[in-house]
Amino acid sequence: LFLDGDNFKAVNDTWGHAAGDCVLIEAASRMVQFGAKRHQSYRLGGDEFAMILYGVYSESDVQQVCAALTQQFMRPFDLHNGHTADLSFSIGFALTWKNLSVESLLEQADRNMYQVKNQRSKTIS
């Protein structure tokens, strides 16, 4: 999976980088808790994260994991300054059995994430 924060820049611009750091730490914590010992979570940089899924055998399984993971970000994020912020994450995925290398897997998941992000922005507009 490839995850990217939606409107994360607004958190930094409104509340400052310390608040943004709180969001990133909390997002990472929620991903790790969600994955437990089954899936591995990684921060790629900025507000981009990746998750490697294990024990997933179909595209339908991946979509179910994505839907469940999306729910983990529905609770507001505590900015540790007396305020909270709502932040969602766009999630794209790629399947290992359709990609020949780690690079192509990550590139495909990234492209799919941007499709999700673009669909969301059209829905909101």
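Just above sits the structure.
Reading the values: rules and limits
Residues numbered from 1 in each chain as written. Predicted model: local features only at pLDDT ≥ 70, side-chain atom pairs only at ≥ 80, totals over all residues. Heavy atoms only, no water. Buried < 20%, exposed > 50% of the residue type's maximum accessible area, 1.4 Å probe, protein only. Helix = DSSP H or I, 4+ residues; strand = E, 2+ residues; numbered from the N terminus. Arc of directions from axis to C-beta. Contact = heavy atoms within 4.5 Å. Pairing = 2+ DSSP bridges. Axes fitted to C-alpha atoms, helices over the stretch in contact; angles between N-to-C directions. Parallel < 35°, antiparallel > 145°, perpendicular 65-115°, else oblique. Left-handed = near helix turned anticlockwise from the far one by under 90°. Nonpolar A, V, L, I, M, F, W, Y, C, P; charged D, E, K, R; others polar.

S.K.: Would you mind showing me how to read helix α1 (residues 8-15) here?
M.R.: Side chains of residues three or four places apart in an α-helix project in the same direction, reflecting 3.6 residues per turn. Those residues of α1 that sit buried are Phe 8, Val 11 and Asn 12. Down the axis, α1 shows its buried residues gathered within 95 degrees of arc, on one side only. For α1, exposure combined with an orientation more than 90 degrees from the buried face picks out Lys 9, Asp 13 and Thr 14. Where the residues of α1 are buried, they touch β1 (2-5), α2 (17-35) and β5 (84-85).

S.K.: Looking at this structure, I do not really get the sheet that holds β1. What am I missing?
M.R.: Sheet architecture is open: 4 strands sit in the order β2-β3-β1-β6, paired in antiparallel fashion. Only two strands of the sheet have a single partner each, and these edge strands are β2 (40-45) and β6 (89-92). When the angles between neighbouring strand axes are averaged without regard to direction, this sheet yields 25 degrees. Note: β1 against strand β3 (residues 48-52), 3 bridges, orientation antiparallel. If you follow Phe 2 over to β3, its bridge partner there is Ala 50. α2 rests against β1, β2, β3 and β6 of the sheet, and its axis sits at about 10 degrees to β3.

S.K.: Explanation requested: the packing of α2 against helix α3 (residues 59-72) in the structure shown.
M.R.: In a packed pair of helices, the relevant descriptors are the angle between the two axes and the axis-to-axis distance. Contact geometry of α2 with α3 gives a least axis separation of 10 Å together with a crossing angle of 135 degrees. With respect to α3, the axis of α2 lies oblique. Considering the relative orientation of α2 and α3, their crossing is right-handed. Residue-level contacts link Arg 30, Met 31 and Phe 34 of α2 to Val 65, Ala 68, Leu 69 and Gln 72 of α3. Across the contact of α2 with α3, the residue classes break down as 5 nonpolar, 1 polar and 1 charged.

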